[in-house]
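Okay, here's what each chain looks like letter by letter:
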Amino acid sequence: MKGTFTLQNDTVQIEEFSYPLEEFLRDEPDFKAPKSGELIYHRGQGSTLIIAGKQSEAEKDYPSEDIELYIGRKSMYRSAHKARRGAVKPSKATRSTKKAAKPTADKPGASPKEDKQKTAEASKPVTEEKNNADH
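For the structure given in this document, a descriptive report is provided here.

Focus: a negative patch on the surface
(1) Moving on: On the surface, Glu57, Glu59, Glu65 and Asp66 cluster together into a patch of negative charge.
(2) Moving on: Positionally, Glu59 belongs in the loop between β6 (54–57) and α2 (64–72).

Some words on the side chain of Glu38
(1) Moving on: By the element assignment, Glu38 lies in strand β4 (residues 38–42).
(2) Moving on: Here Glu38 sits buried without a salt bridge, and the closest side chain of opposite charge, Lys54, lies 16 Å off (N-O distance).
(3) Moving on: Not counting residues within four places of it along the chain, the set of residues in contact with Glu38 comprises Leu7, Gln8, Thr48, Leu49 and Ile50.

Some words on the sheet that holds β4
(1) Moving on: Across the sheet, six strands lie side by side as β3-β2-β1-β4-β5-β6; this open sheet has antiparallel pairing. Two strands in the sheet have a free side with no partner beyond their single neighbour: β3 (17–20) and β6. For this sheet the average axis-to-axis angle between neighbouring strands, irrespective of direction, equals 20°.
(2) Moving on: Of the strand pairs in this sheet, strand β1 (residues 4–8) and strand β2 (residues 11–14) are connected by four bridges, and their pairing is antiparallel. Residue pairing in the sheet places Leu7 in a bridge with Val12 of β2.
(3) Moving on: Contacts from helix α3 (residues 74–86) reach β2 and β3 within the one sheet, and its direction differs from that of β3 by about 55°.

Conventions used here
- Residues numbered from 1 in each chain as written.
- Predicted model: local features only at pLDDT ≥ 70, side-chain atom pairs only at ≥ 80, totals over all residues.
- Heavy atoms only, no water.
- Patch = residues over 30% accessible without salt bridge, like charges linked within 9 Å, V, L, I, M, F, W, Y side chains within 5 Å.
- Areas by Shrake-Rupley, 256 points an atom, 1.4 Å probe, with all protein chains shown as cover.
- Salt bridge = Lys/Arg side-chain N within 4 Å of Asp/Glu carboxyl O.
- Lys, Arg positive; Asp, Glu negative; His and termini not counted.
- Charge placed at Lys NZ, Arg CZ, Asp CG, Glu CD.
- Helix = DSSP H or I, 4+ residues; strand = E, 2+ residues; numbered from the N terminus.
- Buried < 20%, exposed > 50% of the residue type's maximum accessible area, 1.4 Å probe, protein only.
- Contact = heavy atoms within 4.5 Å.
- Pairing = 2+ DSSP bridges.
- Axes fitted to C-alpha atoms, helices over the stretch in contact; angles between N-to-C directions.

Printed below as a string of structure tokens:
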């Protein structure tokens, strides 16, 4: 199984690793998958394209250098596939249910503007005392 690449039933198999064609095309957007049929590559034997039971050599459309590159990137595809499977898709039930805190007129106490004025006034005498002590 070493050095094999197959594309069959919308699944890419690189050696022992199976990968959905849709995901493979995200990683290799220049790859042109056959519209119908099966692509088989065996290291040292080149590529074979099987459409409707007829076999043809596919070295021109799927050069060995390219397929060898895909085989070499197997661990990268495996990591990407694992990351995509581990990603959590947001659903309606898991969306943020936090509500923004809004000030209400019913709450007793000072408004934020009044709080700021009180804070400024409270710190003002301390500053003036320091200024008077410095002179």
